[in-house]
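# Commentary on secondary and tertiary structure
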Amino acid sequence: METVVSGIRPTGNLHLGNYFGAVKNFLKMQNDANCLFFVADYHSLTTHPHPDNLNATVKQVLAEYLACGLNPDVSAIYVQSDLPEVAELFLLLNMIAYTGELERSVSFKEKIRKDPDNVNAGLLTYPVLMASDILIHKAAKVPVGKDQEQHLEYTRNYANRFNHLYGVEFFPEPVAYNFGVNLVKVPGLDGSGKMGKSEGEGNAVFLKDEPDVIRKKVMRAVTDSGPTEPNQKKPEVIENLFTLMKLVSSDDTVQHFEDSYNNCSIRYGDMKKQVAEDMNIFVAPIREKIKEISSDDKLISKVVKEGAEKARESGRKTLSEARKIIGIRSF
Ligand code: TRP
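Residues numbered from 1 in each chain as written. Predicted model: local features only at pLDDT ≥ 70, side-chain atom pairs only at ≥ 80, totals over all residues. Heavy atoms only, no water.

Secondary structure assignment for the protein yields 14 helices and five strands. Dimensions of the protein, computed from C-alpha atoms along their principal axes, come out at roughly 80 × 45 × 40 Å. Across the 331 residues in the protein, those meeting the buried criterion constitute 47%. Partitioning the intrachain contacts of the protein with sequence separation of at least 6 by distance along the chain shows that 77% fall at a separation of at least 24. (Helix = DSSP H or I, 4+ residues; strand = E, 2+ residues; numbered from the N terminus. Buried < 20%, exposed > 50% of the residue type's maximum accessible area, 1.4 Å probe, protein only. Contact = heavy atoms within 4.5 Å.)

Take a look at the structure:
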């Protein structure tokens, strides 16, 4: 079976955009491949989170993914820093990673533009660490979106460079992959086009949101003054509301509002009420599960312990072979 690795940065809570994008893909994947999912806590250190917050966010991320259905019985779910082998591979790969190449990374340039006072070497070598996360398990497929494509290109470069330098066929060259899941772009509620936590308060519906919070957010969603002619083309904000409805409501419900849009009898207030209600029905079981798992420290600790064991088994093997290839051998 193929090996698939994915890193999850511990930043903020999961929202519906994450759910219908990454999470759904993960759920499908875990049945189709040998999956390793980890929380990228080393990567998050580039911004120096407070020690107390770091642990809490890692735990929250784990609880939310588990609540969505990530299954520790079939996949390895671990914390990046519990796999010391990745840190050593990172050191080794740094020797074949060129600084000029790293300086040209789009995300590095973006980060130094946004925060010029914190241009640390960890930011520069972010792609090397990410390559190590993937190559430590010799994964050939990585379920990431477009924004991570360049990082995967670095990974392929290092794999290829290593193989060439030492005349081996050791590391595979991993590619971005989704498991036939239609990656829908989930629109936000503020008309900005994309649901995201950084877009501002009220734009995203989080899986942990209580019913009244969801209701409030949805009722405030941006709309217009309504159609004036039958079968009129929908403006983007209305299209977005329909897209959200399609994610959580039944076909009949969607059809009902399509019809009322087309005959100009639609009342957006009613439509939003319906969306909020159906969103609540969708989110409720996940939210309750998040609460349950967040308060179960034993469960989380068991998951990451077993996950780390599985990850280390695979990591140790790759690292010991890589060391031998490089010439680090025992006397
Ligand atoms: N860079 C990824 C992101 O920002 C997170 C990540 C770190 C990752 N290591 C990885 C993703 C390895 C896939 C594989 O989302």
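All told, the structure shown has 20 salt bridges when counted by the stated rule. Between aspartate 270 and arginine 267 there is a salt bridge, and its shortest N-O distance comes to 3.5 Å. Aspartate 270 sits in the partly exposed class, given a relative accessible area of 33%. Of the residues examined, arginine 267 reaches a relative accessible area of 56% and is grouped as exposed. The closest approach of N and O atoms between glutamate 288 and arginine 287, which form a salt bridge, is 3.2 Å. Overall, the relative accessible area of 38% leaves glutamate 288 in the partly exposed class. Connected through shared salt-bridge partners, Glu210, Arg287, Glu288 and Lys291 make up one network. (Salt bridge = Lys/Arg side-chain N within 4 Å of Asp/Glu carboxyl O.)

Once that is clear, we can look at the pairing of strand β1 (residues 3-8). Side-chain direction in a regular strand flips from residue to residue, so the side chains alternate between the two faces of the sheet. Of all six residues that make up β1, five are buried, and the element is covered over most of its length. Two strands pair when backbone bridges link them, and β1 and strand β2 (residues 34-39) are joined in this way by six bridges, in the parallel orientation. The residue of β2 that forms the bridge with isoleucine 8 is valine 39. (Pairing = 2+ DSSP bridges.)

So, about the site of the ligand. Neighbouring the ligand are the residues Ser6, Gly7, Arg9, Phe38, His43, Tyr126, Met130, Asp133, Ile134, Val142, Val144 and Gln148. Separating an oxygen atom of the ligand from a side-chain N or O atom of arginine 9 is a distance of 2.6 Å. Protein contact buries 93% of the 370 Å² of open area that the ligand shows by itself. Counting only elements with at least two residues in the shell around the ligand, the list comes to β1 and α8 (126-135). (Near = heavy atom within 4 Å. Polar contact = N/O pair within 3.5 Å; in protein donor to acceptor, adjacent residues only side chain to side chain. Areas by Shrake-Rupley, 256 points an atom, 1.4 Å probe, with all protein chains shown as cover.)

Counting buried residues along α8, ten of its ten residues qualify, which places the element largely inside the surrounding structure. The set of residues buried in α8 consists of Tyr126, Pro127, Val128, Leu129, Met130, Ala131, Ser132, Asp133, Ile134 and Leu135.

Attention now goes to the domain arrangement of the protein. Domain boundaries in the protein define domain 1 (3-176 + 297-326) and domain 2 (197-291). At the junction of the two partners, domain 1 supplies 13 residues and domain 2 supplies 13 residues. Summed over both partners, the interface of domain 1 with domain 2 comes to about 1200 Å²; 76% of that surface belongs to carbon and sulfur atoms. When the area that domain 1 buries against domain 2 is broken down by residue, the three leading residues are His15, Leu16 and Phe20, summing to 43%. Along the contact surface separating domain 1 from domain 2 lie zero salt bridges. On the surface where domain 1 and domain 2 come into contact, there are two residue pairs in polar contact (both at pLDDT 80 or more). When residues of the side of domain 1 that touches domain 2 are traced back to their parent elements, those giving at least two are α1 (16-32) and α3 (51-68). The biggest single contributor to the side of domain 1 that touches domain 2 is α3, with five residues. (Domains from an automatic or database assignment. Buried area = accessible area lost by both parts, 1.4 Å probe.)

Moving on, we get to α3. A turn of α-helix holds 3.6 residues, and therefore any two residues three or four places apart point the same way. With 18 residues, α3 extends 26 Å from end C-alpha to end C-alpha; this agrees with the ideal 26 Å at 1.5 Å per step. Taken residue by residue, α3 has Leu54, Val58, Val61, Leu62, Ala63, Glu64, Tyr65, Leu66, Ala67 and Cys68 as its buried positions. One or two positions beyond α3, positive phi appears at glycine 69, with a value near 120°. (Expected span 1.5 Å × (residues − 1).)

Looking now at the state of the cysteines. This model, assessed by the stated rule, comprises zero disulfides. Not part of a disulfide, cysteine 68 finds its nearest cysteine sulfur in cysteine 35, a span of 15 Å. For cysteine 68, a relative accessible area of 9% puts it in the buried group. (Disulfide = S-S within 2.5 Å.)

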